[in-house]
Amino acid sequence: MKKAKGYAPRRTCISCGTKKNKSEMIRLVLDTDGVMIRDADGKGQGRGAYVCPNNACWQGMPTGSKLGRPFRKNGSIRIHPDIHFEFGC
Ligand SMILES: [Zn+2]
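Everything in this summary refers to the structure shown in the same document. (Residues numbered from 1 in each chain as written. Predicted model: local features only at pLDDT ≥ 70, side-chain atom pairs only at ≥ 80, totals over all residues. Heavy atoms only, no water.)

## Here we look at the coordination of the zinc ion
Distances from the zinc ion to its protein donors, namely Cys13 (SG), Cys16 (SG), Cys52 (SG) and Cys57 (SG), fall within the range 2.2 to 2.3 Å. One can describe the site at the zinc ion as tetrahedral: its four donor atoms subtend angles covering 104 to 118 degrees at the metal. Mapped onto the sequence, the residues coordinating the zinc ion show the spacing C-x2-C-x35-C-x4-C. Of this pair, cysteine 16 sits in the loop between strand E1 (10-12) and strand E2 (19-21) while cysteine 52 sits in the loop between strand E5 (49-51) and helix H1 (55-59), placing them 36 residues apart in sequence. On the basis of relative accessibility, which here comes to 2%, the residue cysteine 52 falls in the buried class. (Donors = N, O, S within 2.8 Å, 3.2 Å for Na, K, Ca; no water. Tetrahedral: all angles 85-135°; square planar, octahedral: opposite > 155°, others 65-115°. Helix = DSSP H or I, 4+ residues; strand = E, 2+ residues; numbered from the N terminus. Buried < 20%, exposed > 50% of the residue type's maximum accessible area, 1.4 Å probe, protein only.)

## A few points about the side chain of arginine 27
By the secondary structure assignment, arginine 27 is in strand E3 (residues 26-30). Within the structure, arginine 27 has its side chain in polar contact with the side chain of aspartate 39 (distance 2.6 Å). A distance of 3.1 Å separates a polar atom in the side chain of arginine 27 from a polar atom in the side chain of tyrosine 50. Those residues in contact with arginine 27, other than ones at most four positions away along the chain, are Ile37, Arg38, Asp39, Gly42, Gly44, Gly46, Arg47, Gly48, Ala49 and Tyr50. (Polar contact = N/O pair within 3.5 Å; in protein donor to acceptor, adjacent residues only side chain to side chain. Contact = heavy atoms within 4.5 Å.)

## Description of the sheet that holds strand E6 (residues 78-79)
If you trace the four strands from one edge of the open sheet to the other, you get E5-E3-E4-E6, paired in mixed fashion. At either margin of the open sheet sits one strand with a lone partner, and together these are E5 and E6. Judged from the three bridges that link them, E3 and E5 form a sheet pairing that is antiparallel. When the bridges of E5 are listed, arginine 27 appears paired with tyrosine 50. (Pairing = 2+ DSSP bridges.)

## A short note on the pattern of salt bridges
Throughout the structure, instances matching the rule amount to one salt bridge. The residue arginine 27 makes a salt bridge to aspartate 39 at a minimum N-O spacing of 2.6 Å. One end of the pair, arginine 27, is in strand E3; the other, aspartate 39, is in the loop between strand E4 (35-38) and E5, with 12 residues separating them in the sequence. For the pair arginine 27 and aspartate 39, one class covers both residues: buried. (Salt bridge = Lys/Arg side-chain N within 4 Å of Asp/Glu carboxyl O.)

## Focus on the nonpolar core
Within the largest apolar cluster, 19 residues are counted, with the highest numbers of intra-cluster contacts made by Leu28, Met36, Val51, Met61, Leu67 and Phe71. Mapped by element, the contributors of at least two residues to this core are E3, E5 and H1. Aside from chain neighbours lying at most four places away, what touches phenylalanine 71 is Leu28, Val29, Leu30, Met36, Arg47, Gly48, Ala49 and Ile77. (Core = buried A, V, L, I, M, F, W, Y, C linked by side-chain atoms within 4.5 Å.)

## Some details on the environment of aspartate 41
Residue position: aspartate 41 is located in the loop between E4 and E5. Relative accessible area serves as the criterion here: at 55%, aspartate 41 is assigned to the exposed category. Placed 14 residues apart in sequence, aspartate 41 and arginine 27 show a C-alpha to C-alpha distance of 9.1 Å.

In structure tokens:
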């Protein structure tokens, strides 16, 4: 299999559905309690979800049980309070 030059993994924003390079997006993972946290160093375990680094996507993100879908998890997902207002743009 040939790989195109400059290939980078693309990820889909769970809010707006835009596909971007993985490195341009914010990775979200679930902690051991099933609370969504920001995977700051990219070492989070398990299935991650991605969102664009802007307030529009952050605030328009699905919540509750809809948020469980990208994580392949049933039921409601809580968002860790510390990651709510991180974007200055
Ligand atoms: Zn987005």
